[in-house]
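Chains, contacts and geometry: an overview
Chain by chain, the residues:
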Amino acid sequence: MSQTDEKRAALPPIPARLWKVAAISGAGAFMAMLDSTVANLAVESLRQDFGTSLSSVQWVITGYLLALAFSLPAVGWLVRRFGCGRVWLAALAGFVLTSALCALAPNLWLLIAARLLQGLAGGVLVPAGQAVIGKAAEPRQLGRIMGSLGFAVALGPAIGPLIGGTILGTLSWRWIFAMNIPVGCIALVLALRHIPPGQGDRSASLDWCGLLMIGTGLPLVLIGATEAAMAGPAVVLAMASGVSLIAAFGWRTARIGEPLLNLALLQGRTFRAAVAVAGLTGTNMFAGLLLLPLYFQFVVSDDVMAAGMMLFLMGIGAALALPVCGLLTDRYGGGRVIVTGALCLIVTIIPFMGETPPSRSLSWGLLFLRGAGLALAQMPAMTMAYASVPQKEMGDAATLVNILQRLGGAVGAIIVVLLMAEGVDRGGLDHAFLFLMAISGITLAASALITLSPAIYESRGRERP
């Protein structure tokens, strides 16, 4: 065995304190991701309970997503100013409090207001938790730790419909929000003991103009992607305004002394390639989540419930693969794991493009493997992004990774809608599947740019020349 192989084989152990930090951070991420999906099921219950229109109730969902997108860009500054542990703890406390406000809301408009506040906390919770992990772990521990955290993040959307359906079938919709309270309170008590507060710089100033630019531009792009099927003037205006504001933010950031986000991180070759892969997998994931239910309903003639269960298999595949790909990333480096994931994404699309739909059992296997492929491509990219930057930049790194994932998802959804503009037919479906294959191919090429020298693991922030 060569010295390199011996070094890879001898992974540094992960102490119990780090597993505790990961478990507590994972609880917060699980709640935020679960809440983003489970509330969707309560729309009809809310409409009936409050005696209002569906368009009004929809703001319970849309308001949460918009508020989440507004607060996300502020995470980097918050971490610099107060320390990542303190920011995460405050976000968790805010999420628990606003969950209680949602559960107790006496009317629809107070519920929407509480959901806006909950979205502000949720937008900070996941990236701040990733920053806590990134600062607490050594680079060659990050894969296993991020895999465990990713398991919680992936499991939330996967089991959300199951939990939500069970609650709505037996209890009031209020329990969808109330269930966060005991979990959050336990996590808060444990966090006070085990989550390191981090070091803050009270002199760090906030770029309010930059925050308003990207904090408005990002929600406009996301809401435009959500309503892309309408293709009306308002949607086009929202998308154009959002893209313009984000571009203006980038231009401004490069020209001021204390920007909201340190975009200079993108000059690092490994970080740039890793963030690109994270964005591409976001595109692949959200485009697939929109396309595959249409395929099963149009081609296979499944009902909505059966199509949803097929996607549940994809979520389970991702959740189960994440701890494994974390270990593989620490041992062999992220590049090889991402290549494997991208190949899985390509292979699992081909059978759906044939004239005859794959059998039910084969479809189950393909979707499970596709979920695993998404995990194998996305999680190592995030790990390598965090391993390639200095600890003091961890907040900005987590913010950039999460923003690119969301923008990638918006792009994927928009392109699928445009390809289906003439209606759901076999030609449109095949073009959309070709788009997924192209994105997977680009992901495969981008993974080759992730340089995995020992320097990344031995000294954080030193990239291969």
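Scroll up a little and you will see the structure.
Because the structure is a prediction, the values reported are computed rather than measured.

**Digging into the overall build of the chain**
Within the chain, the secondary structure is distributed over 20 helices and zero strands. Within the chain, counting contacts between residues at least 6 apart in sequence, those at least 24 apart form 85% of the total. Put simply, the chain shows about 19100 Å² of open surface, and 69% of that area lies on carbon and sulfur atoms.

**Looking at the environment of His431**
With respect to the secondary-structure elements, His431 resides in helix 19 (residues 426-447). On the accessibility criterion, His431 (46% relative accessible area) is partly exposed. Considering only alpha carbons, one finds His431 and Met353, 78 residues apart in sequence, at a separation of 9.3 Å.

**With respect to the environment of Trp173**
Mapped onto the fold, Trp173 is located in the loop between helix 9 (142-170) and helix 10 (174-178). For Trp173 and Ala39, which are 134 residues apart along the polypeptide, the C-alpha to C-alpha distance reads 8.5 Å. Not counting residues within four places of it along the chain, the set of residues in contact with Trp173 comprises Ala42, Ser45, Leu46, Asp49, Phe50, Cys102, Ala105, Leu111 and Leu168. Polar side-chain contacts of Trp173 include one of 2.6 Å to the side chain of Asp49.

**Overview of the packing of helix 6 (residues 75-82) against helix 7 (residues 84-104)**
It is the contact of helix 6 with helix 7, at a shortest axis distance of 7 Å, that shows an interaxial angle of 120°. Relative to helix 7, the element helix 6 lies oblique. Of the residues in helix 7, those touching helix 6 at Leu78, Val79 and Phe82 are Cys84, Arg86 and Val87. Tallied by class, the residues present in the contact of helix 6 with helix 7 amount to five nonpolar, no polar and one charged.

**A closer look at the packing of helix 6 against helix 8 (residues 108-136)**
Two elements in contact, helix 6 and helix 8, have axes separated by 10 Å at closest approach and are oriented at 50°. On the basis of the axis angle, helix 6 is oblique to helix 8. For the pair helix 6 and helix 8, the sense of crossing is right-handed. The residues of helix 8 that touch helix 6, namely those facing Val75, Leu78 and Val79, are Gly123, Val124, Pro127, Ala128 and Lys135.

**So, the nonpolar core**
By size, the foremost hydrophobic cluster in this structure holds 83 residues, and its most contacted members are Trp88, Leu92, Ile133, Met146, Phe271 and Tyr386. Excluding anything up to four places from it in sequence, Leu92 contacts Gly28, Met31, Leu125, Gly184, Ala187 and Leu188. Core analysis: the next-biggest nonpolar cluster, separate from the first, contains 25 residues, Leu291, Tyr295, Ile338 and Ile349 among them.

**Things to note about the pattern of salt bridges**
As enumerated under the stated definition, the model contains three salt bridges in all. Asp207 is paired through a salt bridge with Arg252; the nearest N and O atoms lie 2.7 Å apart. Here the residue Asp207 occupies a position in the loop between helix 11 (180-194) and helix 12 (208-226), and Arg252 occupies one in helix 13 (residues 233-253), the gap between them amounting to 45 residues.

**Points about helix 16 (residues 334-347)**
Between its first and last C-alpha atoms helix 16 spans 20 Å; for 14 residues at 1.5 Å apiece the expected length is 20 Å, and the two agree. Where helix 16 is concerned, the buried positions are Gly334, Gly335, Val337, Ile338, Gly341, Ala342, Cys344, Leu345 and Ile346.

**A closer look at the environment of Phe82**
Looking at the secondary structure, you find Phe82 in helix 6. Judged by its relative accessible area of 29%, Phe82 falls in the partly exposed class. Contact partners of Phe82, with chain neighbours within four places excluded, come to Trp77, Val87, Pro197, Gly200 and Arg202.

**Some details on the packing of aromatic side chains**
For any pair of aromatic rings, the description rests on two quantities: the centre-to-centre distance and the angle between the ring planes. Per the counting criterion, the structure on display carries eight aromatic pairs. Centre to centre, the rings of Trp77 and Phe82 are 6.0 Å apart; their planes meet at 85°, and the pair counts as edge-to-face. Looking at Trp77, the relative accessible area reads 12%, which means it is buried. Ring geometry for Phe296 versus Phe352: centroids 5.9 Å apart, planes at 85°, classification edge-to-face. Here Phe296 is found in helix 14 (residues 269-298), whereas its partner Phe352 is found in the loop between helix 16 and helix 17 (360-387), with 56 residues between them in sequence. For the pair formed by Phe296 and Phe352, the shared burial category is buried. Through pairs of rings, three or more aromatic residues link up here, namely Tyr295, Phe296, Phe352 and Phe433.

**A word on helix 18 (residues 394-419)**
For helix 18, which comprises 26 residues, the first-to-last C-alpha distance of 38 Å matches the rise-based estimate of 38 Å (1.5 Å per residue) to within 8%. Among the 26 residues in helix 18, 20 count as buried, and that is most of the element.

**Focus: a nonpolar patch on the surface**
A contiguous nonpolar surface patch, about 520 Å² in accessible area, is contributed by Phe70, Leu97, Leu101, Leu117, Leu120 and Leu212. Contributions of two or more residues to the nonpolar patch are made by helix 7 and helix 8. Relative to the helices and strands, Leu117 is located in helix 8. A relative accessible area of 45% places Leu117 in the partly exposed class.

Basis of the calculations
- Residues numbered from 1 in each chain as written.
- Predicted model: local features only at pLDDT ≥ 70, side-chain atom pairs only at ≥ 80, totals over all residues.
- Heavy atoms only, no water.
- Helix = DSSP H or I, 4+ residues; strand = E, 2+ residues; numbered from the N terminus.
- Contact = heavy atoms within 4.5 Å.
- Areas by Shrake-Rupley, 256 points an atom, 1.4 Å probe, with all protein chains shown as cover.
- Buried < 20%, exposed > 50% of the residue type's maximum accessible area, 1.4 Å probe, protein only.
- Polar contact = N/O pair within 3.5 Å; in protein donor to acceptor, adjacent residues only side chain to side chain.
- Axes fitted to C-alpha atoms, helices over the stretch in contact; angles between N-to-C directions.
- Parallel < 35°, antiparallel > 145°, perpendicular 65-115°, else oblique.
- Nonpolar A, V, L, I, M, F, W, Y, C, P; charged D, E, K, R; others polar.
- Left-handed = near helix turned anticlockwise from the far one by under 90°.
- Core = buried A, V, L, I, M, F, W, Y, C linked by side-chain atoms within 4.5 Å.
- Salt bridge = Lys/Arg side-chain N within 4 Å of Asp/Glu carboxyl O.
- Expected span 1.5 Å × (residues − 1).
- Phe/Tyr/Trp six-rings, centres within 6.5 Å; stacked < 30°, edge-to-face > 60°.
- Patch = residues over 30% accessible without salt bridge, like charges linked within 9 Å, V, L, I, M, F, W, Y side chains within 5 Å.

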